[in-house]
Protein chains: 2
Amino acid sequence: MSNVENALLEADRNLETATAKLFDLISIPSVSSDPEGKPGIEQAARWLCDELSGLGFEARVVETEGHPLVLAHSTDELSASRPKLLFYGHYDVQPVGALEDWRHAPFEPEIVEEDGVRRFYGRGASDSKSQLWTFIEGLRAWKTAYGGFAGKVTVLLEGEEESGSHSLPAFLTAHRDELACDIAFICDSDMWSPTQPALSLRLKGLLHEKVTIFAPNRDLHSGFFGAVAANPIRILSSMLADLHDEAGRVTIEGFYDGVEEISQTLRAQWRALSDETDLFDKVDLTGGIVEHGYSPLEAIWGRPTIDFNGVTSGNQGPGERSVIPGSATARLSFRLVEGQDPENVRRIFQRYVRSRLPEGCTVAFEGFPGSSAVTLPEDNPFVTATARGLAREWESPTVLKGSGGSIPLAQQFKEMLGIDCIVIGFILPDDAIHAPDERYDIERFHKGVRSWVRILDEIQKA
Amino acid sequence: MSNVENALLEADRNLETATAKLFDLISIPSVSSDPEGKPGIEQAARWLCDELSGLGFEARVVETEGHPLVLAHSTDELSASRPKLLFYGHYDVQPVGALEDWRHAPFEPEIVEEDGVRRFYGRGASDSKSQLWTFIEGLRAWKTAYGGFAGKVTVLLEGEEESGSHSLPAFLTAHRDELACDIAFICDSDMWSPTQPALSLRLKGLLHEKVTIFAPNRDLHSGFFGAVAANPIRILSSMLADLHDEAGRVTIEGFYDGVEEISQTLRAQWRALSDETDLFDKVDLTGGIVEHGYSPLEAIWGRPTIDFNGVTSGNQGPGERSVIPGSATARLSFRLVEGQDPENVRRIFQRYVRSRLPEGCTVAFEGFPGSSAVTLPEDNPFVTATARGLAREWESPTVLKGSGGSIPLAQQFKEMLGIDCIVIGFILPDDAIHAPDERYDIERFHKGVRSWVRILDEIQKA
């Protein structure tokens, strides 16, 4: 039996232990955007550091101005001339939202058998604790079989991916040399279908903006002044409503500057994929407005968009309240494509808001630096090796796809360190990431671990 | 010295005690729209009932399906043939909102001297505990001087005015005979200026509607589905934005049906008042949209409006969250004029919303029965007597004005019991009612008490 067969057997043999450890990790409430999540963040970082140390890595928790990262290096590479690999995951999770919307407790994973599928539920079950745990278990299986890695292996685990990765740029600058590698795997993405693996070669840029409109007055009685005083809800609603025209295009002047049309070649490829995708099976797109002239897949992968993530103003209580609120807030996110500079988009959005701001009103913006879109060529040798490895495990061709999502890390790795990233993962559309009853399943986790063994094997052979 | 002079002296002499009792009342957190306000509601009702009993009234707390009312009848009227008078106030208050927005604790009133004015702050300080306390102290002063009242006096104090007065109709029906009177005074309104008293002879109708738009899906990741799935914030914003046209007119089909133009006579009267009003001195109307063709005063008193009181959807937390929310909610209030039926307005608003609802989305409405507008003729003898009484106390002509506010009670008294209501009160625009740091002042409270003595005197003489 070859070593790779041994490594795969090791992944099979260890599945129960690996699952138990994963459930321990999911049980830690590491919510990064909530100050109350801090103890969970610290506990998860420490737990992961200990696990990687136990695997023979030189591992440490690196503190930042925000949440800590876990950084670990292999100590037993067999050849210094082999490619250096980096594996990235994030251990922080989204807020839970309203607890009553969950049928399963968000931090008490257990195996639930449903229609023959052994699922588990929890915040982070798919985004992204199971994902990072696939490569850690994959590395464990490989090392058990081979005794070490072909070249140097670095593991980087982030704790604020869900809250904007604000500490990452400074961390990357400070650890530039330690992070040097030939390719980075970002394991935070999805499959093409439950049976077909995928790599993402196009990531959208991302910009969040929070905008608050202030009326000239604080809260007023809407009976006395409703007919005459500025109402921030009315002003904000009008701004949001007019951000898109009837064709679903963004109306901000200059928004599409520098954006290239999706090539006919790419559109043809994507059209073929469109016909067979399960992406929309569990999501009802009725009533959604897709930019005219584009298929849903083209809009998600190839067109820049503005999304509304939240609004808040005035009466939030159980009873009625006749109030003109003093302010109204909206949260928006911008998904950008190649050719768009996030800071320029922020600037023209703010100009749009200011140009529509009635006299006497003021506006405040809150936001963090955004990220640009990134792409990777399809003939990159690590891409082809990874695609082969996935295809062997899943016995199905690997789809080289785009993504509507954004991974600022990929952009920063590329821009700051010159490192290419392969975005990979095993999430499915109905995993309910960022939503109540987030889920994953044992079989997928198991094949995820085995996928990494296959990928390491293909890279070694390449 | 005449009895009325004695009664006024009594009001002066008793001011300190009256203020102390008022502060006791304001200290009770009787928030009617919040389930947690229930103990405060019950405490305030009991406290007021005891006070009225102490004043020689037959007083009792009347339980309802909602919050209790206090109902008290005089037992010492001097003549059965004299007019029967009813005094109405409400002892419940608005929610406090965000505590950090208050500079003064909302339930710990004390005298604060500012620029020579002895103010006090608290939720209910002006709306409406000081107001109801002016007539109770006025009645006390009168009775002390005269030994009793000319005709029967009834006091009615409500505990859910700020949360929709939902129990009032059933109460009025059940106590029809007990409430019979020649005129009712609703003390919940404002002065024309700090030195000029006013009566409101036009009240707007009021309708609250809460509308929630549901997307076909629960929360989704906005990166994956933002470009294609229905976003309830976008849908709701568009509905709200389009409720008014550029001239500030409501666009709902049929909204103005039955609404009569404000007469030229009335417009002339109001124009004269406009030139001298302090109404807008403390409120900045910059940026507000007044319906074209109307002055601010005309819009507030004479034109129907739609106001936005609150919106809620998606991310409300401190951090960023890439989510397409599953639903979005807005709270609206409609201020109606004569000729508009609240149930018809609700129906055509709901039709407007449904006509703009994208396929696949659903909508839910929540609302309680609304009230119609009411008016009272300027030559009503109680109106003229009351206006004389106020003018004597304030040494300034009483303004017979309209109101942008709504008092469902007045409409129900008129429609259900055939009773005319005079709406009166001593609130000023910068009292910050429904807002943080709600306030009132000792001098105004004092003159309010004395005003009631003058009014009783004028009615007795009429």
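Let me begin by describing the structure that accompanies this report. (Residues numbered from 1 in each chain as written. Chains lettered and ligands numbered in written order. Predicted model: local features only at pLDDT ≥ 70, side-chain atom pairs only at ≥ 80, totals over all residues. Heavy atoms only, no water.)

### Re the packing of aromatic side chains
- Tallied over the full model, the rule gives 34 aromatic pairs over all chains.
- Aromatic pair Phe-87 of chain B and Trp-452 of chain B: ring centres 5.4 Å apart, planes at 75°, arrangement edge-to-face. In this pair, Phe-87 of chain B is assigned in strand S3 (residues 85–90) and Trp-452 of chain B in helix H14 (residues 442–461), connecting sequence segments 365 residues apart. This pair shows no difference in class: Phe-87 of chain B is buried, exactly as Trp-452 of chain B is.
- Here the aromatic rings of Phe-224 of chain B and Phe-225 of chain B are separated by 6.3 Å at their centres, their planes lie at 80°, and the arrangement is edge-to-face.
- Aromatic ring contacts, followed pair by pair, group Phe-87, Phe-135, Phe-185 and Trp-452 of chain A into a single cluster.
- Above the face of the Tyr-256 of chain B ring, Arg-249 of chain B is positioned so that its terminal group lies 4.1 Å from the ring centre.
- Residue placement shows Arg-444 of chain B over the ring face of Tyr-440 of chain B; its charged tip is 4.4 Å from the ring centre. (Phe/Tyr/Trp six-rings, centres within 6.5 Å; stacked < 30°, edge-to-face > 60°. Helix = DSSP H or I, 4+ residues; strand = E, 2+ residues; numbered from the N terminus. Buried < 20%, exposed > 50% of the residue type's maximum accessible area, 1.4 Å probe, protein only. Lys NZ or Arg CZ within 6 Å of the ring centre and 35° of its normal.)

### Some details on the interface of chain B and chain A
- Taken together, the contact pairs 82 residues of chain B with 83 residues of chain A.
- Both sides together, the interface formed by chain B and chain A hides about 7,100 Å², and carbon and sulfur atoms give 54% of it.
- Where chain B packs against chain A, one counts 0 salt bridges.
- Summed over the shared surface of chain B and chain A, the number is 36 residue pairs in polar contact (both at pLDDT 80 or more).
- Contributing elements (two or more residues each) for the side of chain B that touches chain A: strand S11 (220–221), helix H7 (222–225), helix H8 (232–241), helix H10 (296–302), strand S12 (305–314) and strand S14 (327–336) of chain B.
- With 9 residues, S12 of chain B is the single largest residue contributor to the side of chain B that touches chain A.
- Within the side of chain B that touches chain A, the residues separate by chemical class into 33 nonpolar, 34 polar and 15 charged.
- Pairing of strand S12 (residues 305–314) of chain A with S12 of chain B, which is carried by 5 bridges, proceeds in the antiparallel orientation. Looking at the pairing, Ser-313 of chain A lines up with Val-311 of chain B of S12 of chain B. (Contact = heavy atoms within 4.5 Å. Buried area = accessible area lost by both parts, 1.4 Å probe. Salt bridge = Lys/Arg side-chain N within 4 Å of Asp/Glu carboxyl O. Polar contact = N/O pair within 3.5 Å; in protein donor to acceptor, adjacent residues only side chain to side chain. Nonpolar A, V, L, I, M, F, W, Y, C, P; charged D, E, K, R; others polar. Pairing = 2+ DSSP bridges.)

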